[in-house]
Amino acid sequence: MAGISKKCYRPQKENMEKLHYYCLKKSKYLKKFLEKYQVEYKEDVYLGCYYFELSDANQAYKKFLRYFGIYLLGEYPQIQNHYSEEEMQGAEWFVLECLVEKIHVDDRWKDMIMKCPYRANVFRREGYRHKKQIQELRVDSMEKLKKRRYFCVTNARLTNELFCNETAKEILGTNWIGLEYWHIRKKNTDEIIPEFYQMYFQKSLPIESIVCNKSVSIVKCPKCGMQRVYLKTGLLSGISFIQIKKEMLNDTSVYYMPITLDKKCIDNYDLLIISRKFYQLLKKYRIDKGLQYEPLQIICQW
């Protein structure tokens, strides 16, 4: 039986540095704190808010929580792991995410097939364990992308969704195995929205390519037996613990990985996985503004 020989990519850091992004109501005390600890911030005059980021490795982070923690009740700051340039250069595969929300969808269930119903939450409402898009997406509205923005997602931020304009499509090309460009349609008229596409990742990463560990395991749907990758520590920390067998990957392909944050195997999210070749193409032509990358651990076997 083949055994694991070594990790082809960095060992996992237990104390990975994280960046926390905040949007808080303006106050003279908050402004004084940010200036005292030299934290860069932007002011939104219309909303009356300050935007800023703090690393948990920064000494000001704990003081910020001590002085302003009460104002964070009910708030959910965006958080991401922070990697050095060396780590990014050494990575072979990445999880790709877009942070630009420009497409608005109120009801997308007509474009999806849903399986395995269950009673969700305390109100016993019906939910579905598995959801998969089966046709072109109908959208309510779409905002214009800013200059030098080529990608976006919907406000729903559900499953396997990434959209690009005509320029990005031409640069990336159509030779990637598992990548299809789908048209987007207006919900009311069914007309195609010109020069914009959904980048549909239709090739699922084989479940047997995942190496189980203390933070990542495989769970089965109690109804249909479908397997999903279960991240025990949540989406943020969980991604950094995912390990994939190298021989199961092809660098001319793109993949999606259905994950769950629930032992009952309820689909939560599809991770979009790209190779270093894809990553370098985005960087080379500088079309990745608004995109975020998370390096994956790749495992070599005998």
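Let us look at the overall build of the protein chain. Along the protein chain, the regular secondary structure elements total 6 helices and 23 strands. Looking at the protein chain residue by residue over its 302 residues, the buried ones come to 46%. If you take every contact in the protein chain between residues at least 6 apart in sequence, the share linking residues at least 24 apart comes to 69%. On the protein chain, roughly 17,100 Å² of surface is accessible, and the fraction owed to carbon and sulfur atoms is 50%.

All right, on to helix α2 (residues 59-68) then. The periodicity of an α-helix, 3.6 residues per turn, causes residues three or four positions apart to be oriented the same way. Turning to α2, its buried residues number three or more, namely Ala60, Tyr61, Phe64 and Phe68. Angular distribution of buried residues about the axis of α2 spans 105 degrees; they occupy a single face of the element. For α2, the exposed residues set more than 90 degrees away from the buried face come down to Gln59, Lys62 and Arg66. Turning to α2, the residues buried within the fold contact β2 (18-25), α1 (28-36) and β4 (49-55).

What follows covers the nonpolar core. Note on soluble globular proteins: their nonpolar side chains tend to be buried together. By size, the foremost hydrophobic cluster in this structure holds 40 residues, and its most contacted members are Phe151, Leu162, Met199, Ile274, Phe278, Leu282 and Tyr293. Counting residues per element, this core draws most heavily on strand β15 (residues 192-201), at 5 residues. Setting aside anything within four residues of it in sequence, one finds Ile274 in contact with Trp93, Phe94, Leu96, Phe201, Val254, Tyr279, Leu282 and Tyr293. Core analysis: the next-biggest nonpolar cluster, separate from the first, contains 19 residues, Val216, Ile239, Met257 and Ile298 among them.

So, about the sheet that holds strand β18 (residues 227-231). Across a sheet, strands are paired by hydrogen bonds formed along the backbone, either parallel or antiparallel in direction. In space, the 6 strands of this open sheet follow the order β17-β18-β20-β21-β6-β22, with mixed pairing throughout. Sheet topology places β17 (216-220) and β22 (291-295) at the edges, where each strand pairs with a single neighbour. Across this sheet, the average inter-strand angle for adjacent strands is 45 degrees, counted without regard to direction. Against the sheet, helix α6 (residues 276-284) makes contact with β6 (93-98), β21 (269-275) and β22, and its axis sits at roughly 80 degrees relative to β21, the strand it touches most.

In this section: a positive patch on the surface. Side chains of Lys42, Lys146, Lys147, Arg148, Arg286 and Lys289 sit close together on the surface and give a patch of like positive charge. Position of Lys147 among the secondary structure elements: in the loop between β11 (141-142) and β12 (151-154).

All chains considered together, the criterion is met by 9 salt bridges. For Glu43, the salt bridge goes to Lys26, with nearest N and O atoms at 2.6 Å. Of this pair, Glu43 sits in strand β3 (residues 41-44) while Lys26 sits in the loop between β2 and α1, placing them 17 residues apart in sequence. Classification of Lys26 as partly exposed rests on a relative accessible area of 35%. The salt bridge partner of Lys187 is Asp140, with a shortest N-O separation of 3.7 Å. Of this pair, Lys187 sits in the loop between β14 (179-186) and β15 while Asp140 sits in the loop between β10 (138-139) and β11; the two residues are 47 residues apart in sequence, bridging distant segments of the chain. In this structure Asp140 comes out as partly exposed when scored by relative accessible area, which is 33%.

Phi at Glu195 is positive, roughly 60 degrees, even though this residue is not glycine. On the basis of relative accessible area, Glu195 is assigned to the exposed category, the value being 58%.

Looking now at α6. For α6, every residue scored as buried is listed here: Phe278, Tyr279 and Leu282. One side of α6 carries all its buried residues, which in axial view fall inside an arc of 100 degrees. Directly after α6, the chain includes Arg286, whose backbone phi takes a positive value near 55 degrees.

This brings us to the sheet that holds β14. Pairing is mixed across the open sheet formed by 7 strands, whose spatial order is β10-β14-β15-β13-β12-β7-β11. Strand pairing shows two members of the sheet lacking a second neighbour, β10 and β11, which therefore form its edges. In this sheet, β11 lies alongside strand β7 (residues 101-104) in antiparallel orientation, the contact comprising 2 bridges. When the bridges of β11 are listed, Ile103 appears paired with Met142.

The next point concerns the confidence of the model for the protein chain. Caution applies to low-pLDDT regions: their predicted coordinates should not be interpreted in detail. Looking at the protein chain, the pLDDT average stands at 81 and 83% of residues meet or exceed 70. The secondary structure element of the protein chain with the lowest average pLDDT is strand β1 (residues 4-7), at 42, and the one with the highest is helix α4 (residues 166-172), at 95. Residue range residues 1-14 is modelled with pLDDT below 50. Its contacts to residues more than four positions away, or to other chains, number 43 contacts. Across residues 73-77, confidence stays below pLDDT 50; counting only partners more than four residues off in sequence or on other chains, it has 2 contacts.

Parameters and conventions
- Residues numbered from 1 in each chain as written.
- Predicted model: local features only at pLDDT ≥ 70, side-chain atom pairs only at ≥ 80, totals over all residues.
- Heavy atoms only, no water.
- Helix = DSSP H or I, 4+ residues; strand = E, 2+ residues; numbered from the N terminus.
- Buried < 20%, exposed > 50% of the residue type's maximum accessible area, 1.4 Å probe, protein only.
- Contact = heavy atoms within 4.5 Å.
- Areas by Shrake-Rupley, 256 points an atom, 1.4 Å probe, with all protein chains shown as cover.
- Arc of directions from axis to C-beta.
- Core = buried A, V, L, I, M, F, W, Y, C linked by side-chain atoms within 4.5 Å.
- Pairing = 2+ DSSP bridges.
- Axes fitted to C-alpha atoms, helices over the stretch in contact; angles between N-to-C directions.
- Patch = residues over 30% accessible without salt bridge, like charges linked within 9 Å, V, L, I, M, F, W, Y side chains within 5 Å.
- Salt bridge = Lys/Arg side-chain N within 4 Å of Asp/Glu carboxyl O.
- Lys, Arg positive; Asp, Glu negative; His and termini not counted.
- Charge placed at Lys NZ, Arg CZ, Asp CG, Glu CD.
- pLDDT = per-residue confidence, 0-100.

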